[in-house]
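# Reading the structure
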Amino acid sequence: MALMAHEETPTMITPPPVSGDGPTRAPDPSAWLIRLLIVGIVLAALNLRPAITSLGALLADVRVGLGMSGSTAGLLTSVPPLCFAIFGVMAPRLARRWGPAAVVCAGMAAIAVGVLVRPFLGGAAGFLAVSAVALMGIAVSNVLLPVVIKRWFPDRIGPMTGLYSMALALGTAAAAAATVPLTRALGGSWRPGLAIWSVLAVLAVLAWIPLVRHRGTARSEAAVGNRDPAGVIRITRSRTAWALAVFFGLQATSAYIVMGWLPQIYRDAGVPASTAGVMLAVTMGLGVPLSFVLPNVAARMRNQAPLAVGLGLCGLTSFAGLYAAPASGAWVWTVLLGVSMCTFPLVLTLIGMRARTGAGVVRLSAFVQSTGYLISIPGPLLVGVLYQHGGGWEVPLMFMAGLMVTQIVLGFIAGRNRVVEDECQA
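For clarity, every value in this text was computed on a predicted model and none was experimentally measured.

Parameters at a glance
- Residues numbered from 1 in each chain as written.
- Predicted model: local features only at pLDDT ≥ 70, side-chain atom pairs only at ≥ 80, totals over all residues.
- Heavy atoms only, no water.
- Helix = DSSP H or I, 4+ residues; strand = E, 2+ residues; numbered from the N terminus.
- Contact = heavy atoms within 4.5 Å.
- Axes fitted to C-alpha atoms, helices over the stretch in contact; angles between N-to-C directions.
- Parallel < 35°, antiparallel > 145°, perpendicular 65-115°, else oblique.
- Left-handed = near helix turned anticlockwise from the far one by under 90°.
- Salt bridge = Lys/Arg side-chain N within 4 Å of Asp/Glu carboxyl O.
- Phe/Tyr/Trp six-rings, centres within 6.5 Å; stacked < 30°, edge-to-face > 60°.
- Lys NZ or Arg CZ within 6 Å of the ring centre and 35° of its normal.
- Expected span 1.5 Å × (residues − 1).
- Bend = angle between axes of the 7 residues up to and from the residue.
- Polar contact = N/O pair within 3.5 Å; in protein donor to acceptor, adjacent residues only side chain to side chain.
- pLDDT = per-residue confidence, 0-100.
- Patch = residues over 30% accessible without salt bridge, like charges linked within 9 Å, V, L, I, M, F, W, Y side chains within 5 Å.
- Areas by Shrake-Rupley, 256 points an atom, 1.4 Å probe, with all protein chains shown as cover.
- Nonpolar A, V, L, I, M, F, W, Y, C, P; charged D, E, K, R; others polar.
- Buried < 20%, exposed > 50% of the residue type's maximum accessible area, 1.4 Å probe, protein only.
- Disulfide = S-S within 2.5 Å.

In this section: the side chain of Thr179. Here Thr179 shows up in helix α8 (residues 157–185). Dropping the residues within four chain positions of it, Thr179 is found in contact with Ser54, Ala57, Leu58, Ala174, Gly193 and Trp197.

Rendered as structure tokens:
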């Protein structure tokens, strides 16, 4: 996984001194390195969802092509959050050994290999196994990209997290919208239609290789993972970390439910199928511009609780509207849900702001995302069960509203101006 570093020359950057428990300080890198870091972060973020959303666009063709049963196809839709939870836990240990830059680079390589190889294995088991390789790369990159931002852009966490979040949202939407047209352009077979997204991951690998080979970057990045002398950071002792983890899990639950079920809610209310699909696209597409704006706003606030509460209220209002008047107010509920979905970039921003040290960010990011994705797994399945046995959307929507109320409470706690290091040492 590691790439050997070149010998440092006088023109290379000098990593900052490693202190035991002081705040992370920005290195003083050259302009070219900063530009390359920004390009690398954007390319990595673009790769964090196409492996998933491109599959969703072609799932019916994949099922036929591989002879998948309905239960196996259902397993495919549940695998991503499970892999994010399991493999995300590995990220801090890998970062301590190799440095975040090397691990992100390896993660992009895993995505490239997994996305390229899985369509051509010829069986459902192999497809699932190689998909897990790609998801492993996504999982560790999910955890470590906020760490890279905290380390190299500590005074620009908001703008950089906004750029990262916007690129992630753009990659998500682009893969969902472009996979079918690309498949047709490539001859109509789903196999090259899925494999083509490996090109984007290869570009990310090419951007990260110079960062890994740069000795100053690698050594400084490795220091991030080791800034925990005497084991003082015990993240599970922090109430803020727990609040942020459950907050993350609940917003992920809402996002997966909306992505999976919103068109069906509208269709059952009498909205045409084509319009319902457009509404889902609008809901997700709002995340592209808002994901850039929101972290900038959050970073300028001392207390982000009002933002968390406001976004939650948008979601709660939308669920109430879908319960009372799903068809007549459909576009209003669509826009409000799109705003509510921007809780995700807020959480990413809070991860960078709720830890003072590099080690704190590594552990907080891994804990929040792994725990949160575990929490999110049963939600969409439970909504499906409630819908099937309840005879309509009244009970599922009440369940979703209850989750949103809990999310608002946890968001208020997570948004308070605290750092996990203080709570872990208390």
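Here the narrative resumes, following the displayed structure.
This part covers the packing of helix α6 (residues 100–117) against helix α7 (residues 124–152). Packing of α6 against α7 leaves a shortest axis separation of 7 Å and a crossing angle of 155°. Overall, the two elements α6 and α7 adopt an arrangement that is roughly antiparallel. In this structure, α6 meets α7 at a crossing whose hand is left-handed. Residues Pro100, Val103, Val104, Gly107, Met108, Ala110, Ile111, Val113, Gly114, Val115 and Val117 of α6 form the contact with α7, whose participating residues are Val130, Val133, Ala134, Gly137, Ile138, Val140, Ser141, Leu144, Leu145, Val147 and Val148.

Let us look at the pattern of salt bridges. Considering all chains together, one arrives at one salt bridge under this definition. Of the charged contacts, one joins Asp422 and Arg356 as a salt bridge, the two residues approaching to 3.1 Å between their closest N and O atoms. In this pair, Asp422 is assigned in helix α21 (residues 420–425) and Arg356 in the loop between α17 (343–353) and α18 (358–376), connecting sequence segments 66 residues apart.

Before going further, it helps to examine the packing of aromatic side chains. Inspection of every chain in the model, using the stated rule, returns eight aromatic pairs. Ring geometry for Trp261 against Trp393: centres 5.6 Å apart, planes inclined by 65°, an arrangement best described as edge-to-face. Of this pair, Trp261 sits in helix α12 (residues 239–268) while Trp393 sits in the loop between α19 (378–390) and α20 (394–414), placing them 132 residues apart in sequence. Here the aromatic residues Phe84, Phe248, Phe344 and Tyr373 are joined through ring pairs into a cluster of three or more. Sitting above the plane of the Trp98 ring, Arg97 keeps its charged end 4.2 Å from the centroid.

A word on α12. Compared with the 44 Å implied by 1.5 Å per residue over 30 residues, the 41 Å span of α12 between its first and last C-alpha is a close match. If you look at α12, its biggest bend is around 50°, right at Trp261, and the proline Pro263 turns up within four residues after that. The opening residue of α12 is Ser238, an N-cap whose side-chain oxygen sits 3.3 Å from the backbone nitrogen of Thr240. Gly270 occupies a position one or two residues after α12 and carries a positive phi of about 100°.

Across the chain, the average pLDDT comes to 84, with 87% of residues at 70 or higher. Within the chain, the lowest mean pLDDT, 49, falls on helix α11 (residues 215–226), and the highest, 96, falls on helix α15 (residues 305–324). In the predicted structure, residues 1–22 sits below a pLDDT of 50 and forms 45 contacts with residues beyond four places in sequence or in another chain. In the model, residues 218–226 has pLDDT below 50 throughout and makes 27 contacts with residues more than four positions away in sequence or in other chains.

Moving on to the environment of Val409. If you trace the backbone, Val409 turns up in helix α20. A sequence separation of 166 residues divides Val409 from Ala243, and the C-alpha atoms of the two residues are 9.1 Å apart.

This part is about the environment of Thr349. For Thr349, the position within the fold is in helix α17. Sequence separation between Thr349 and Asn296 is 53 residues, and the spatial gap between their C-alpha atoms is 8.8 Å. Beyond its immediate stretch of four places on either side in the chain, Thr349 contacts Ile157, Thr161, Pro295, Ala298 and Ala299.

This brings us to a nonpolar patch on the surface. Together, Leu182, Leu186, Ile196, Val199, Val202, Leu203 and Leu206 give the surface a local cluster of nonpolar side chains, amounting to about 550 Å² of exposed area. In terms of residue count, helix α10 (residues 198–213) provides more of the nonpolar patch than any other element does, four residues in total. Checked against the element boundaries, Val199 lands in helix α10.

Below, the discussion takes up the packing of helix α1 (residues 31–46) against α8. α8 packs onto α1 with a crossing angle of 35° between their chain directions and a minimal axis gap of 7 Å. α1 and α8 meet at a crossing whose hand is right-handed. Every residue of α8 that contacts α1 at Ile38, Ile41, Val42, Ala45 and Leu46 is listed here: Met160, Leu163, Tyr164, Ala167, Leu168, Leu170 and Gly171. Here the contact of α1 with α8 is built from residues that sort into eleven nonpolar, one polar and no charged.

Within the fold, Gly287 resides in helix α14 (residues 287–299). In the structure, Gly287 is positioned 118 residues away from Ala169 in sequence and 6.1 Å away in space, judged by C-alpha atoms.

What follows covers α17. Note on helix geometry: an α-helix contains 3.6 residues per turn, so any two residues three or four positions apart are oriented the same way. With ten of eleven residues buried, α17 is to be regarded as a mostly interior element. Taken as a whole, α17 has its buried residues at Thr343, Phe344, Pro345, Leu346, Val347, Leu348, Thr349, Leu350, Ile351 and Gly352.

Throughout the structure, instances matching the rule amount to zero disulfides. Just so you know, Cys314 is unpaired, no disulfide at all, and the nearest cysteine sulfur is the one on Cys342, 9.6 Å from it.

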